[in-house]
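# Structural features, examined
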Amino acid sequence: QVQLVESGGGYVQTGGSLRLSCTCSGFSFTTNNMGWFRQAPGKERKFVAAITWTNIDTYYADSVKGRFTISRDDAKSTVYLQMNNLKPDDTAIYYCVAKFAGVPKDGDLSGYWGRGTQVTVSS
């Protein structure tokens, strides 16, 4: 019943841009903190960005600060991740997460998760 569906992934060259979307249903999107994680092959899932339910506070991993922007549209129950100046190290499956209590961060994989969307950045 709970669904988080990511979209917008693809294959781009270094320096390119992508905009990921995560459309949610089956729970109260407006009262949940939202986030994005990514997982490269053979590596752990790592925090990328988060936004609180208030749509005021945002958080970013150091590796993406200044390049990625997280936003949300409560009317559409959708959270976005605008990714600019992409680098090969950004290559991963990107996952959307919803958390009612607490802001998404490394070391905490609780919450509702989407199935992911692949982002590949060529060198």
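Before reading further, recall that the structure is shown in the block above.
This report concerns the structure included in the present document. (Residues numbered from 1 in each chain as written. Predicted model: local features only at pLDDT ≥ 70, side-chain atom pairs only at ≥ 80, totals over all residues. Heavy atoms only, no water.)

### Quick word on the overall build of the protein chain
Quick reminder of the rule: Numbering of helices and strands starts at the N terminus; helices are DSSP runs of H or I of at least 4 residues and strands are runs of E of at least 2. C-alpha atoms define the radius of gyration in this analysis, and the globule rule sets the expected value at 2.2 Å times the number of residues to the power 0.38. Note on contacts: a residue pair qualifies if any of its non-hydrogen atoms lie within 4.5 Å across the two residues. Just so you know, the count uses Lys and Arg for positive and Asp and Glu for negative, and it drops His and the chain ends. Each charge is placed at NZ for Lys, CZ for Arg, CG for Asp and CD for Glu.
Each helix and strand in the protein chain was counted, giving zero helices and 11 strands. The helix and strand sequence of the protein chain, counted from the amino end, reads β-β-β-β-β-β-β-β-β-β-β. A compact globule built from 123 residues should have a C-alpha radius of gyration of about 14 Å, and the protein chain, at 13 Å, falls within 12% of that. Dimensions of the protein chain along its principal axes, counting C-alpha atoms only, are 40 × 30 × 25 Å. Relative to all contacts within the protein chain whose residues are 6 or more apart in sequence, the contacts with residues 24 or more apart total 59%. On the protein chain, the mean spot of the 13 positive side-chain charges and the mean spot of the 10 negative ones are 3 Å from each other.

### Brief notes about the sheet that holds strand E7 (residues 68–73)
We apply this condition: Two strands pair if DSSP finds at least two bridges between them. Axis geometry follows a simple rule: fit a line to the C-alpha atoms, using only the stretch in contact for helices, then measure angles between N-to-C directions, giving values from 0 to 180 degrees.
Strand order in the open sheet formed by four strands is E1-E3-E8-E7, with antiparallel pairing between adjacent strands. With partners counted over all chains shown, the strands left at the sheet margins are strand E1 (3–7) and E7, one partner each. For this sheet, the mean angle separating the axes of adjacent strands, direction not counted, is 15 degrees. Sheet analysis places E7 next to strand E8 (residues 78–83), joined by six bridges and oriented antiparallel. Its bridge partner lying in E8, Arg72 is registered against Val79.

### Focus: the pattern of salt bridges
A side chain with one charge can pair with a side chain of the opposite charge if their charged atoms come near. For clarity, the cut-off: Put simply, a salt bridge is a Lys or Arg side-chain nitrogen that is within 4 Å of an Asp or Glu carboxyl oxygen. The rule is simple: take the accessible area with a 1.4 Å probe, protein chains only, and divide by the maximum for that residue type; under 20% is buried, over 50% is exposed, in between is partly exposed.
All chains considered together, the criterion is met by five salt bridges. The partner of Asp90 in a salt bridge is Arg38, and the shortest N-O contact between them spans 2.8 Å. Here Asp90 is found in the loop between E8 and strand E9 (92–99), whereas its partner Arg38 is found in strand E4 (residues 33–39), with 52 residues between them in sequence. Grouping residues by exposure puts Asp90 and Arg38 together as buried.

### Things to note about the packing of aromatic side chains
Note the following rule: Ring pairs are drawn from Phe, Tyr and Trp, using the six-membered ring of Trp, whenever the two centres fall within 6.5 Å, and their geometry is named by plane angle: stacked under 30 degrees, edge-to-face over 60, tilted for the rest.
For the structure shown, the criterion picks out three aromatic pairs. When the ring of Phe37 is compared with that of Phe47, the centres are 5.7 Å apart and the planes differ by 80 degrees; the resulting orientation is edge-to-face. Taken together, the residues span a long stretch of sequence, with Phe37 in strand E4 and Phe47 in strand E5 (residues 46–51) at a distance of 10 residues. There is no split in this pair, since Phe37 and Phe47 are both buried. Through pairs of rings, three or more aromatic residues link up here, namely Phe37, Phe47 and Trp113.

### Observations regarding the nonpolar core
Under the convention used in this document: Joining through side-chain atoms within 4.5 Å is the link that ties buried Ala, Val, Leu, Ile, Met, Phe, Trp, Tyr and Cys residues into a set, and such a set is a nonpolar core.
Met34, Trp36, Val79, Leu81, Met83 and Tyr94 are the most contacted members of the largest nonpolar core, which has 31 residues in total. Elements with a minimum of two residues in this core: strand E3 (18–25), E4, E5, E7, E8, E9 and strand E11 (117–122). With residues up to four places along the chain from it excluded, the contact list for Leu81 reads Leu18, Arg19, Leu20, Trp36, Val48, Ala49, Phe68, Thr69, Ile70 and Tyr94.

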